[in-house]
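Letter by letter, the chains look like this.
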Amino acid sequence: MNVLVTGGAGYVGSHAARLLTAAGHDVWAYDNLVFGHRAAVAPGRLIEGDLLDKEKLADVLRGKRIDAVMHFAAFAYVGESVTDPAKYYHNNVVGTLSLLDAMLKTDVKRIVFSSTCATYGEPESVPIGETQPQAPVNPYGYTKLVIERALADYARAYGWGYAALRYFNAAGASADGDLGEDHDPETHLIPLVLQVALGRREHITIFGDKLPTPDGSCIRDYVHVDDLASAHISALEKLKPGTELRCNLGTGRGTSVKEVVQACRDVTGHDIPAKVAPPRAGDPPALIADASLARRELGWVPRFTSIKPIVESAWKWHESHPNGFDA
Ligand code: UDP
């Protein structure tokens, strides 16, 4: 298939684009490089453009004879979405509607959408299955939920096939250490801990150690970025007119912040000092996926099921790219 990957220069998008190419698809990355990195895209495969540029998107969809879209491009800082919701609704909702308009105009009817466990908000129980209520607790989660809803409506009205893949905590890096996480600012736990090991930070701050979890720190379901990428490809290959897939992507296994820090100590050999601070506002104590639907529907079995190999892959990237993609 000819596939357009929006946000193809970003963290998950670049891994997906690479895997799609390896699977024999013809892949174009579409990215405005606000957060994406030119160096994360295969040579000659980057189209610089904004989601809001509907005409350009339509030209690309038509010109490259695109069969399907993988849509990763979005702003994804939860905290910023609270202080500047307009930025998030504009980019993530209006931007995506512009992409969907361009698809309508050019008769592209297949899309895999990068959604999030943040659409569930505070879960009723863990593990979280897809049938739990979706009640986001921040604007970021709402922007993703709005698009899930739009895709369901578009699928029914226009005969599209779509998959909304709700990621838990994306982590890790490509096996060769050439692609990895490079956010500015960085807010995610594993890269921050590894920056301590690189001598770039004094300590890691653990947000909360008296939560109702076995060791008192927050539990998350860390899923390897290449496992996310492979789920996207399986989903893409399943899409037919009218297909509606809404799947969690996680390992079904929770890891606490303290366990992540310890895994980073084990992998790097650095003692990684840690300090405890109050929990972050709106951080649920535990988020773990019930990912059995992805297994059933997509045949998806994550290859990384424990934190250590995930951290090992991330460390390979961070150690060889201490400044990220800016060599
Ligand atoms: N966290 C932490 N210290 C940090 C960054 C994150 O203790 O400096 C915790 C955070 O409270 C959450 C987990 O690590 O429980 C994962 O946070 P991250 O920001 O990576 O992803 P999120 O779960 O917020 O999407």
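Everything in this summary refers to the structure shown in the same document. What you see is a predicted model, and the numbers here were worked out from it, not measured in a lab.

## A word on the environment of Leu 179
Mapped onto the fold, Leu 179 is located in the loop between strand 7 (169-171) and helix 6 (189-197). Overall, the relative accessible area of 3% leaves Leu 179 in the buried class. Apart from the residues within four sequence positions on either side, Leu 179 is in contact with Ser 14, His 15, Arg 18, Ala 40, Ala 173, Ser 174, Trp 317 and Phe 325.

## A short note on the side chain of Ser 217
Within the secondary structure layout, Ser 217 lies in the loop between strand 8 (204-207) and strand 9 (219-220). Ser 217 gets classed as buried once you look at its relative accessible area, which sits at 0%. Among the polar contacts listed, one links the side chain of Ser 217 to the side chain of Asp 215, at a separation of 2.8 Å. Reaching out from Ser 217, the side chain makes a polar contact with the backbone nitrogen of Val 257 at a distance of 3.3 Å. Ignoring any residue separated from it by four or fewer positions in sequence, one finds Ser 217 in contact with Ile 206, Gly 208, Asp 209, Leu 211, Ser 256, Val 257 and Lys 258.

## Regarding the side chain of Arg 220
Tracing the backbone shows Arg 220 in strand 9. Beyond its immediate sequence surroundings of up to four residues, Arg 220 is in contact with Asn 169, Arg 253, Gly 254, Thr 255, Asp 283, Pro 284, Pro 285, Ala 286 and Leu 287.

## Some points on the site of the ligand
Near the ligand there are 15 residues, and of these Asn 169, Leu 189, Thr 205, Arg 280 and Asp 283 occur at the shortest range. One of the backbone N or O atoms of Thr 187 is found 3.4 Å from an oxygen atom in the ligand. At 2.9 Å from an oxygen atom of the ligand is found a side-chain nitrogen or oxygen belonging to Arg 220. Of all elements in the fold, only helix 6 and strand 8 reach the threshold of two or more residues within the shell around the ligand. With four residues, strand 8 is the single largest residue contributor to the shell around the ligand. The residue inventory of the shell around the ligand, partitioned by class, reads eight nonpolar, four polar and three charged.

## Some words on helix 7 (residues 225-238)
When the terminal C-alpha atoms of helix 7 are compared, their 20 Å separation across 14 residues agrees well with the 20 Å that a helix rising 1.5 Å per residue should span. Most of helix 7 is tucked away: 10 of the 14 residues are buried. Burial in helix 7 covers these residues: Val 225, Asp 226, Asp 227, Leu 228, Ala 229, Ala 231, His 232, Ile 233, Ala 235 and Leu 236.

## Observations regarding a nonpolar patch on the surface
A cluster of nonpolar side chains, contributed by Tyr 89, Tyr 142 and Val 146, occupies part of the molecular surface with about 250 Å² of accessible area. Structurally, the position occupied by Tyr 142 is in helix 5 (residues 139-158).

About the criteria used
Residues numbered from 1 in each chain as written. Predicted model: local features only at pLDDT ≥ 70, side-chain atom pairs only at ≥ 80, totals over all residues. Heavy atoms only, no water. Helix = DSSP H or I, 4+ residues; strand = E, 2+ residues; numbered from the N terminus. Buried < 20%, exposed > 50% of the residue type's maximum accessible area, 1.4 Å probe, protein only. Contact = heavy atoms within 4.5 Å. Polar contact = N/O pair within 3.5 Å; in protein donor to acceptor, adjacent residues only side chain to side chain. Near = heavy atom within 4 Å. Nonpolar A, V, L, I, M, F, W, Y, C, P; charged D, E, K, R; others polar. Expected span 1.5 Å × (residues − 1). Patch = residues over 30% accessible without salt bridge, like charges linked within 9 Å, V, L, I, M, F, W, Y side chains within 5 Å. Areas by Shrake-Rupley, 256 points an atom, 1.4 Å probe, with all protein chains shown as cover. Salt bridge = Lys/Arg side-chain N within 4 Å of Asp/Glu carboxyl O.

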